[in-house]
Amino acid sequence: MNMSENSKTQEIKKIALFTSGGDAPGMNAAIRAVTRAAIVNHLEVVGIRRGYQGMIEGDFMPLYASDVSGIMHQGGTMLRTARSDEFRTPEGRRRAYRELKNADIDAVVVIGGDGSFTGALVMSQEYPVSFVGIPATIDNDMFGTDYTIGFETALNTVVEAVDKIRDTARSHGRIFFVEVMGCEAGQLALHSGIACGAEVILIPESQEQGDDLNNFLHNGYKNKESSGIVIVAEGDETGGAMKIAERVCKDHPELEVRVSILGHIQRGGSPTANDRINATRMGVAAIDALIDGQNNIMIGLESDEIVRVPFMNAVKLHHSIDEHLLEIQRMMNA
Ligand code: F6P
């Protein structure tokens, strides 16, 4: 079977929704919005637990308006999430489709990142299921949207942590290499680095930051600063904060160097007001899109306007780094 993109195949009566991939603060607000917008539009709603794995196993629960009350301010996802290897196989997707069909589900809202949308795209090319995506990942790496749910909350978590690290770095006259998440994208590193006044930011999208680090170690640190913060994106080609710190220690034994890997703390916590508001807007827009017969599209926000972006573009292309922000960061540390 080969289903064409953006085609309306049937009138929608019952929808399912699920969260998939790494959790992100604001996913619960999106679940609430999708559920309530669907109910207002006289659609039946089913929640799928544990992402694609739950779809394969038929781990479904009916959702009513009251089921999603009191969750908006909570981090994580009430539907739980997973990274399913089984769904990557044709047999896994066959089982998932059988479960959706048995439950009379004809459209699905997927809340997640590019891996989740790729899974939806592949399945909808094989089976008659309409998918609409809501971008939720702390990485903010999706093409076609300025913003992904969870990014702002994660950014604030990083800023709070680095501000604290700055206190101890200054007290001891140390250089800290702070590693932040982001998968292959440097958005979280760049934005947090600017917000914290980091002396150097190392991100995969730019190679020139290596020179900035050398410059800081040779000039800035000795001449202007008695401590320093280097934000390292986990996807940077330098190999992560630990490796680069080891190299710096070897080349500059006179420096006091420490490493802090922030890790999964970045994924938790109560979502910011903006994450909640945008998750709510996107959830409503996802139901509007399904009612309009859309398929294989992601809801995005561009210049604060809701847009519909084909999955094909959202997953194949990358959200590029704002070069101007990089320039500003350099200027601040010139
Ligand atoms: O995509 C979100 C993210 O937190 C990335 O920043 C990170 O690389 C990855 O997920 C970690 O995944 P896991 O929690 O499965 O180890």
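Residues numbered from 1 in each chain as written. Predicted model: local features only at pLDDT ≥ 70, side-chain atom pairs only at ≥ 80, totals over all residues. Heavy atoms only, no water.

Chemist: Even after reading the chapter, I still don't get the nonpolar core, so can you show me in this structure?
Modeler: Side chains of a nonpolar character, in soluble globular proteins, are inclined to be buried together. In terms of nonpolar packing, the biggest core is built from 64 residues, with I15, L17, V109, I111 and I229 touching the most fellow members. Counting residues per element, this core draws most heavily on helix α5 (residues 151-172), at 9 residues. Non-local contacts of I229, meaning those with residues more than four positions away in its chain, are made with V162, I165, R166, A169, F176, V178, A198, E199 and V200. In terms of nonpolar packing, the next biggest core, distinct from the first, is built from 28 residues, M55, Y127, F131 and V309 among them. (Core = buried A, V, L, I, M, F, W, Y, C linked by side-chain atoms within 4.5 Å. Buried < 20%, exposed > 50% of the residue type's maximum accessible area, 1.4 Å probe, protein only. Helix = DSSP H or I, 4+ residues; strand = E, 2+ residues; numbered from the N terminus. Contact = heavy atoms within 4.5 Å.)

Chemist: Which parts of the structure should I look at to understand helix α6 (residues 187-196)?
Modeler: Structurally, the α-helix is built with 3.6 residues per turn, so residues lying three or four positions apart point the same way. Extensive coverage of α6 is indicated by the burial of 7 of its 10 residues. All buried positions along α6 are accounted for by Q187, L188, A189, L190, S192, G193 and C196. Contacts made by the buried residues of α6 are with α5, β6 (175-180), β7 (200-202), β8 (228-233) and α11 (323-332). Positive phi appears at G197, one or two residues downstream of α6, with a value of about 65°.

Chemist: Mind showing me how you'd approach the domain arrangement of the protein here?
Modeler: A common way to express how large an interface is: the accessible area buried when the components associate. Along its sequence, the protein is carved into domain 1 (7-150 + 271-316) and domain 2 (151-267). Just the C-alpha atoms count here: the centres of domain 1 and domain 2 sit 34 Å apart. Each partner contributes residues to the interface: domain 1 has 17 residues there, and domain 2 has 13 residues. Among the residues domain 1 hides against domain 2, the three largest losses belong to I138, D139 and N140. Together they make up 44% of the total. Counting every contact that joins domain 1 to domain 2 gives 1 salt bridge. Our count for the domain 1 to domain 2 interface comes out at 9 residue pairs in polar contact (both at pLDDT 80 or more). When grouped by side-chain class, the residues that make up the side of domain 1 that touches domain 2 number 5 nonpolar, 7 polar and 5 charged. (Domains from an automatic or database assignment. Buried area = accessible area lost by both parts, 1.4 Å probe. Salt bridge = Lys/Arg side-chain N within 4 Å of Asp/Glu carboxyl O. Polar contact = N/O pair within 3.5 Å; in protein donor to acceptor, adjacent residues only side chain to side chain. Nonpolar A, V, L, I, M, F, W, Y, C, P; charged D, E, K, R; others polar.)

Chemist: Explain the site of the ligand to me, please; I cannot follow it from the model alone.
Modeler: All residues adjacent to the ligand are R83, T137, I138, D139, M181, G182, C183, E234, H264 and R267. D139 is positioned such that a nitrogen or oxygen atom in its side chain is 2.7 Å from an oxygen atom of the ligand. Between an oxygen atom of the ligand and a main-chain N or O atom of G182, the distance comes to 3.0 Å. In the complex, the protein chains occlude 72% of the 400 Å² of accessible area that the ligand would expose alone. Residues of the shell around the ligand, tallied by class, amount to 3 nonpolar, 3 polar and 4 charged. Both domains that meet at the shell around the ligand, namely domain 1 (7-150 + 271-316) and domain 2 (151-267), each give it at least three residues. (Near = heavy atom within 4 Å. Areas by Shrake-Rupley, 256 points an atom, 1.4 Å probe, with all protein chains shown as cover.)

Chemist: For this particular structure, what's the right way to read the side chain of N140?
Modeler: Inspection of the secondary structure assignment puts N140 in the loop between β5 (130-135) and α5. Judged by relative accessible area, which is 2%, N140 ranks as buried. Not counting chain neighbours up to four residues away, the residues in contact with N140 comprise D146, Y147, T148, F151, Q187 and H319.

Chemist: What's the story with the sheet that holds β6 in this structure? I'm lost.
Modeler: Within a sheet, adjacent strands bond to each other through the backbone by hydrogen bonds, running parallel or antiparallel. Overall, parallel pairing links the 4 strands, which are arranged β7-β8-β6-β9 in an open sheet. Two strands close off the open sheet at either side, each with one partner strand: β7 and β9 (257-261). Looking at each pair of strands side by side, their axes are set apart by 20° on average, direction ignored. (Pairing = 2+ DSSP bridges. Axes fitted to C-alpha atoms, helices over the stretch in contact; angles between N-to-C directions.)

Chemist: Looking at this model, I keep getting lost on the sheet that holds strand β2 (residues 44-48). Mind explaining?
Modeler: Pairing is mixed across the open sheet formed by 7 strands, whose spatial order is β3-β2-β1-β4-β5-β10-β11. Of all strands in the sheet, those with a lone pairing partner are β3 (60-62) and β11 (305-310), marking the two edges. In this sheet, neighbouring strand axes are inclined to one another by 30° on average, regardless of whether the strands run parallel or antiparallel. Where strand β1 (residues 14-19) meets strand β4 (residues 107-112), 5 bridges bridge the pair, whose relative direction is parallel. Residue pairing for β4: A16 is matched across the bridge by V108. The strands that helix α9 (residues 273-291) touches are β1, β4, β5, β10 (297-302) and β11; relative to β10, the one it contacts most, it runs at about 140°.

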